[in-house]
Amino acid sequence: QSVLTQPPSASGTPGQKVTISCSGSSSNIGTKTVNWYQQLPGAAPKLLIHSNNQRPSGVPDRFSGSKSGTSASLAISGLQSEDETDYYCAAWDYILDGYVFGTGTKVTVL
Amino acid sequence: EVQLVESGGGLVQPGGSLRLSCAASGFTVSSNYMNWVRQAPGKGLEWVSVIYSGGSRKYAASVKGRFTISRHNSENTVFLQMNSLRTEDTAVYYCARDGDRYGDAFDIWGQGTMVTVSS
């Protein structure tokens, strides 16, 4: 059972903005940086956002991340059909002494 | 090209053992933190283990005492020895690099290898 909680689903129409939340605690998000991964069907996860709000090279700037206290968010602006897939937040947890992933959110483009 | 290629998955009976391999190219595994992450069918991602550049290791509580992570520097390969396998260990196992370029994020992933534990 994951210690990082995400909504199971989120949706929007093309061009809209979708926001995915990730709720944790002081032992993970509260004191560690948050990373976000995108996983297309049948594929390995891909790093989308690192260090709370930094985009690796090649990631479109319509993806953005933020963190406040023990929660984090991923925002997708200008939603596109190819954004319809699964997204996971993640962070190190110093009590569990391991890396923890969120429960995952499936984004649907209506 | 920087990449990771896993191998060694397959069908094994409960209580059995399996060793997964993760061959790296384009970078040196011993200079990075190397992880194993798994995903049960239709489920989310679960971190399994890490081996640090200095050689120390950590494990998820669900596999501690049963799984062992190691590496062979000259082969530039990371391994996951899985013993006392249970049906709940059935998953796709991914190898992932935690390089120092992107904080503690996993920037390079392999394609995964499927492990099925069933009688």
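Please read these numbers as outputs of a predicted model, since none were measured by experiment.

(A) Structural view of the overall build of chain A. A count of helices and strands for chain A gives zero helices and nine strands. The C-alpha radius of gyration of chain A comes to 13 Å, within 12% of the 13 Å expected for a compact globule of 110 residues. Across the 110 residues in chain A, those meeting the buried criterion constitute 45%. When contacts within chain A are restricted to residue pairs at least 6 apart in sequence, long-range pairs at least 24 apart make up 57% of them. Taken as a whole, chain A presents about 4,900 Å² of accessible surface, with 48% of it coming from carbon and sulfur. Separation between the mean location of the 7 positive side-chain charges and that of the 7 negative ones in chain A comes to 6 Å.

(B) Representation of the environment of W36(B) in the model. Residue and element names in this part refer to chain B. With respect to the helices, strands and loops of the structure, W36 is situated in strand β4 (residues 33-39). C-alpha separation for the pair W36 and Q3, spaced 33 residues apart in sequence, amounts to 15 Å. Of the polar contacts made by the side chain of W36, one reaches the backbone oxygen of F79; its length is 3.5 Å.

(C) Here's a closer look at the sheet that holds strand β8 (residues 77-82) of chain B. All names here are of chain B. Taken in spatial order, the four strands make up an open sheet running β1-β3-β8-β7, and their pairing is antiparallel. In this open sheet, the two strands that pair with only one neighbour each are β1 (3-7) and β7 (67-72). Here the strands of the sheet are splayed against their neighbours by 20° on average, with no regard to which way each runs.

(D) Up close: the environment of T105(A). Residues and elements named next belong to chain A. By the element assignment, T105 lies in strand β9 (residues 105-109). Residues T105 and K32, spaced 73 residues apart in sequence, show a C-alpha to C-alpha distance of 21 Å. In contact with T105, other than residues within four places in its own chain, are Q6, P7, P8, S9, A10, I20, T85, D86 and Y87. Of note is the side chain of T105, whose polar atom sits 2.5 Å from the backbone oxygen of P7.

(E) The interface of chain B and chain A, seen in detail. Counting from both sides, the interface comprises 19 residues of chain B and, opposite them, 18 residues of chain A. Buried surface at the junction of chain B and chain A, both sides included, amounts to about 1,600 Å², of which 60% is carbon and sulfur. Looking only at chain B, the three residues that lose the most surface to chain A are L45(B), Y102(B) and D104(B), adding up to 36% of its buried area. Linking chain B to chain A there are one salt bridge. One salt bridge in this structure joins D97(A) and K58(B), with 2.9 Å as the shortest N-O distance. Summed over the shared surface of chain B and chain A, the result is eight residue pairs in polar contact (both at pLDDT 80 or more). Of all the secondary structure elements, the ones that give two or more residues to the side of chain B that touches chain A are β4 and β5 (45-51) of chain B. Examining the composition of the side of chain B that touches chain A, we find that three residues originate from one element, β5(B), more than from any other. Residues belonging to the side of chain B that touches chain A are distributed by class as follows: nine nonpolar, four polar and six charged.

(F) Representation of the packing of aromatic side chains within the structure. Going through the model one piece at a time under the given rule, you end up with eleven aromatic pairs over all chains. When the centroid spacing of 4.6 Å and the interplanar angle of 90° are considered together, the rings of Y33(B) and Y52(B) count as edge-to-face. Here the residue Y33(B) occupies a position in strand β4, and Y52(B) occupies one in the loop between β5 and β6 (57-59), the gap between them amounting to 19 residues. Here Y94(B) and W109(B) contribute two aromatic rings whose centre-to-centre distance is 6.0 Å and whose plane-to-plane angle is 80°, an arrangement assigned as edge-to-face. You can see Y94(B) sitting in strand β9 (residues 91-98) and its partner W109(B) sitting in strand β10 (residues 108-109), a full 15 residues away along the chain. On the accessibility criterion, Y94(B) (5% relative accessible area) is buried. Ring pairs connect the aromatic residues Y37(A), Y99(A), F101(A), Y94(B), F106(B) and W109(B), which therefore count as one cluster. Over the face of the ring belonging to F79(B) we find R19(B), whose NZ or CZ atom lies 4.0 Å from the ring centre. Over the ring of F27(B) we find R97(B); its NZ or CZ atom is 4.7 Å from the centre of that ring.

Conventions adopted
- Residues numbered from 1 in each chain as written.
- Chains lettered and ligands numbered in written order.
- Predicted model: local features only at pLDDT ≥ 70, side-chain atom pairs only at ≥ 80, totals over all residues.
- Heavy atoms only, no water.
- Helix = DSSP H or I, 4+ residues; strand = E, 2+ residues; numbered from the N terminus.
- Rg over C-alpha atoms; globule rule 2.2 N^0.38 Å.
- Buried < 20%, exposed > 50% of the residue type's maximum accessible area, 1.4 Å probe, protein only.
- Contact = heavy atoms within 4.5 Å.
- Areas by Shrake-Rupley, 256 points an atom, 1.4 Å probe, with all protein chains shown as cover.
- Lys, Arg positive; Asp, Glu negative; His and termini not counted.
- Charge placed at Lys NZ, Arg CZ, Asp CG, Glu CD.
- Polar contact = N/O pair within 3.5 Å; in protein donor to acceptor, adjacent residues only side chain to side chain.
- Pairing = 2+ DSSP bridges.
- Axes fitted to C-alpha atoms, helices over the stretch in contact; angles between N-to-C directions.
- Buried area = accessible area lost by both parts, 1.4 Å probe.
- Salt bridge = Lys/Arg side-chain N within 4 Å of Asp/Glu carboxyl O.
- Nonpolar A, V, L, I, M, F, W, Y, C, P; charged D, E, K, R; others polar.
- Phe/Tyr/Trp six-rings, centres within 6.5 Å; stacked < 30°, edge-to-face > 60°.
- Lys NZ or Arg CZ within 6 Å of the ring centre and 35° of its normal.

By themselves, these observations are geometric and do not establish any function.
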